[in-house]
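Listed below, chain by chain, are the residues.
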Amino acid sequence: MLRSRLNGVSPKEVTQEMINQLLAAEPSSRIRANLVTVVQTLLELQNAGDEDLSRLLPRTLLEPPWPQQTTVLAKAEEPADEWADLLAAVKNAGLSKNDVHAIGSVRSQAQRSQASVSPRDLTKDWACDRLAVIKSSSTRMRFRRGIICLNEIRKINKQLGNLPKQPIGPLPDGRRRGNIALPQARIKELNAHFEFRGLSPNARRSISTAVTSIFCQTRKKDIFEKTLSQIPFDCVILDIERSDQELPKNWARTRAAGLQLHSELTFVWTALWKKLQLIVVNAGVSVKENPIPAIATAAISADLSPYDIDREWAWQQEASLRPDLQITWSTNVDRFDALRKLPEIMTSGLLPSKPVGPMPRRGFRARHGKYPLPRSLEELLETVDGTEGLSRKQLNETAHFIWKSAREIGLYSRGDEPAAVEVFNAVTLAEIFNRTPHRLGKKELAEHERRAAALEVNAGNNQNINPVLDQVCFQELEGWADRRHSQECLNRRIECRTLHAQKEAPIPIGDLPRSQESIFETYRPQGSKCW
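Not measured: the values here are computed from a predicted model. (Residues numbered from 1 in each chain as written. Predicted model: local features only at pLDDT ≥ 70, side-chain atom pairs only at ≥ 80, totals over all residues. Heavy atoms only, no water.)

## Description of the overall build of the chain
- The number of helices and strands found in the chain is 25 helices and zero strands.
- Within the chain, the fraction of its 531 residues that count as buried is 42%.
- When contacts within the chain are restricted to residue pairs at least 6 apart in sequence, those whose partners lie at least 24 apart make up 66%. (Helix = DSSP H or I, 4+ residues; strand = E, 2+ residues; numbered from the N terminus. Buried < 20%, exposed > 50% of the residue type's maximum accessible area, 1.4 Å probe, protein only. Contact = heavy atoms within 4.5 Å.)

Written out as structure tokens, the structure reads:
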């Protein structure tokens, strides 16, 4: 190390001056200590008295390099601590431990000021300035409490000499956080909303806490002078998030509760739906089991009253939702129908005359399902799984295709509940397949015809109707020359089915009324004397 520092100077050419310059110029205390150790080693070798070594060592005897002595000045006596005297006095006065700590917080802020402030020099302006720069909410609350304690001590013991010259008074409430109470008018409106929704005590407490937190966080507190429904909670929340202030740890929950309350307050209830909601809440139905808000949201947007909604509307509403929301909607429809079991709700006259549900089970919604099937068709589909090698899903698809086509060509209208045998018979099916403007290919259409034939057989068996009435097949009906009478033919055939449902033999043409003979004669199979 010494050789590298002296740039290759031989040991016997080293002088005391070189070593002193090295030690003075070295900034690192660690390297300087190592150099001192090297010099001490050279001294020990010089003092050894070996003639061979003395030829290689420095010619002059080196002096031991002692560390420089630092002069330490005596510590000046500190002036008397007025804050310590004040704290000792308040302890003797019997203040609680928390109050003493609060006054200690004021002392800490006074000592951190640019110019240390004594207790007697405290002013309201200084306290407001210090409060504005404190970032921690707990420190800010403790500082406020300390100022309040100083004001209280002044009232109790005016003889204490270290108190501020003038009362500081209450500090302005400029907090962004803290438990600031809502205006009483807003609290009453919140309670009225809770009663209308029928919320549980836990839910009420959670929403009240969220609204209070939003009120404390926002800088625009004057906006809460408006009515609760006029407060734009979404804009207030966005303004809070855009500010540079630190948000509470549970802000995500507060934000969700505020936005949910905003959506509830901005929703405009009609008189009938509001009346039904109040009846359901007064009947003791819990919020979890109450379907009115969910059903009313969709119904009011469609301008429907409670007694106007029907199965088709609910079915089409469910079809427009995502799969996960379809489950929720189906559950709410089931709960809506369950309200019919409560006498006080059923006697109100606000519920539909018929049940709205149930909605299709998961996995059973058909691709062609535009309208809900009549209940008789649904009952039929419950019994035909595996018929002629066809699954229930395939038969369900065809049933919806047939029913949609029958609705579109005007055979049936909204609310009709025909029997399965009225829909799945040769004449009706031929009418549907011939009059409906299909966009399907020949192969798909033929497959629907095959499935429809299977449903026709099952429909006839389930209704105990003579299957000979349905001997007319699709191929024979495809050649109809005049289809203007097809609807009339269909109606007459259904009447004929009903009149002769219990007969085991085919119906002779002579047994038909004269008006029906003229219609059926045109479409009777060649060579046949009966239907």
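## Structural notes on the nonpolar core
- Ranked by size, the top nonpolar core spans 27 residues in total, and within it Leu380, Leu381, Ile402, Val423, Phe424, Phe433 and Leu455 carry the most contacts.
- For this core, the secondary structure elements donating two or more residues are helix 18 (375-381), helix 19 (392-408), helix 20 (420-423), helix 21 (426-435) and helix 22 (442-463).
- When residues in this core are grouped by element, the largest group, six residues, is from helix 19.
- Excluding residues that lie within four positions of it along the chain, Phe424 makes contacts with Leu377, Leu380, Ala399, Ile402, Leu429, Ala452, Leu455, Glu456 and Ala459.
- In this structure, Trp313, Trp329, Val333 and Met359 belong to the second largest nonpolar core, which totals 25 residues. (Core = buried A, V, L, I, M, F, W, Y, C linked by side-chain atoms within 4.5 Å.)

## A word on the packing of aromatic side chains
- This model, assessed by the stated rule, comprises eight aromatic pairs.
- Seen from their ring centres, Trp313 and Trp329 are 5.7 Å apart, and the 70° between their planes marks the pair as edge-to-face. In this pair, Trp313 is assigned in helix 15 (residues 311-319) and Trp329 in helix 16 (residues 323-338), connecting sequence segments 16 residues apart.
- An aromatic cluster of three or more residues is present, and its members are Phe196, Phe267 and Trp269.
- Of note, Arg407 hangs over the ring of Tyr371, and the distance from its end group to the ring centre comes to 4.1 Å. (Phe/Tyr/Trp six-rings, centres within 6.5 Å; stacked < 30°, edge-to-face > 60°. Lys NZ or Arg CZ within 6 Å of the ring centre and 35° of its normal.)

## Observations concerning helix 10 (residues 201-217)
- Between its terminal C-alpha atoms helix 10 stretches 24 Å, which fits the 24 Å expected from 17 residues at 1.5 Å a residue.
- If you check which residues of helix 10 are buried, you get Ile207, Ala210, Val211, Thr212, Ser213, Ile214, Phe215, Cys216 and Gln217.
- Of the surrounding elements, those touching the buried residues of helix 10 are helix 9 (184-197), helix 11 (233-242) and helix 12 (251-266). (Expected span 1.5 Å × (residues − 1).)

## What about helix 19?
- End to end, helix 19 covers 24 Å across 17 residues, agreeing with the expected 24 Å (1.5 Å per residue, within 8%).
- Burial analysis of helix 19 places 14 of its 17 residues in the buried class, which makes it a mostly covered element.
- Looking one or two residues past helix 19, Gly410 carries a phi angle of roughly 90°, positive in sign.

## So, the side chain of Gln277
- On the secondary structure map, Gln277 appears in helix 13 (residues 271-282).
- Not counting the four nearest positions on each side in its chain, Gln277 is found in contact with Phe196, Arg197, Trp269, Asn290, Ile292 and Pro293.

## Side note on unusual backbone geometry
- The omega torsion across Gly357 and Pro358 is -5°, close enough to zero to call that bond cis.
- Here Asp303, not a glycine, exhibits a phi torsion of approximately 60°, which is positive.
- Tracing the backbone shows Asp303 in the loop between helix 14 (292-301) and helix 15.

## Looking at the pattern of salt bridges
- According to the stated counting rule, one finds 13 salt bridges in the structure shown.
- Between Arg204 and Glu195 there is a salt bridge; the shortest N-O distance is 3.1 Å.
- Notably, a salt bridge pairs Arg311 with Glu378, separated by 2.4 Å at the nearest N-O pair. Remark: Glu378 occurs in helix 18 and Arg311 occurs in helix 15; sequence separation between them is 67 residues.
- On the basis of relative accessible area, Glu378 is assigned to the partly exposed category, the value being 29%.
- Among the charged side chains, a salt-bridge network with shared partners connects Glu447, Arg450 and Arg451. (Salt bridge = Lys/Arg side-chain N within 4 Å of Asp/Glu carboxyl O.)

## Section: the environment of Arg450
- Looking at the secondary structure, you find Arg450 in helix 22.
- Measuring from C-alpha to C-alpha, the distance between Arg450 and Thr398 comes to 9.4 Å, with 52 residues separating the pair along the chain.
- Polar side-chain contacts of Arg450 include one of 2.8 Å to the side chain of Glu447. (Polar contact = N/O pair within 3.5 Å; in protein donor to acceptor, adjacent residues only side chain to side chain.)

## Remarks on the confidence of the model for the chain
- Chain-level statistics for the chain give a pLDDT mean of 77 and a share of 78% at 70 or above.
- Scored below 50 in pLDDT, residues 496-531 shows 58 contacts in the model against residues more than four places distant or in partner chains. (pLDDT = per-residue confidence, 0-100.)

## Quick look at the packing of helix 10 against helix 12
- With their axes 9 Å apart at the nearest point, helix 10 and helix 12 run at an angle of 105° to one another. With respect to helix 12, the axis of helix 10 lies roughly perpendicular. Along the contact surface, helix 10 presents Ile207, Ala210, Val211, Ser213, Ile214 and Gln217, while helix 12 presents Trp251, Thr254, Ala257, Gly258 and Leu261.
- Among the residues forming the contact of helix 10 with helix 12, the class breakdown is seven nonpolar, four polar and no charged. (Axes fitted to C-alpha atoms, helices over the stretch in contact; angles between N-to-C directions. Parallel < 35°, antiparallel > 145°, perpendicular 65-115°, else oblique. Nonpolar A, V, L, I, M, F, W, Y, C, P; charged D, E, K, R; others polar.)

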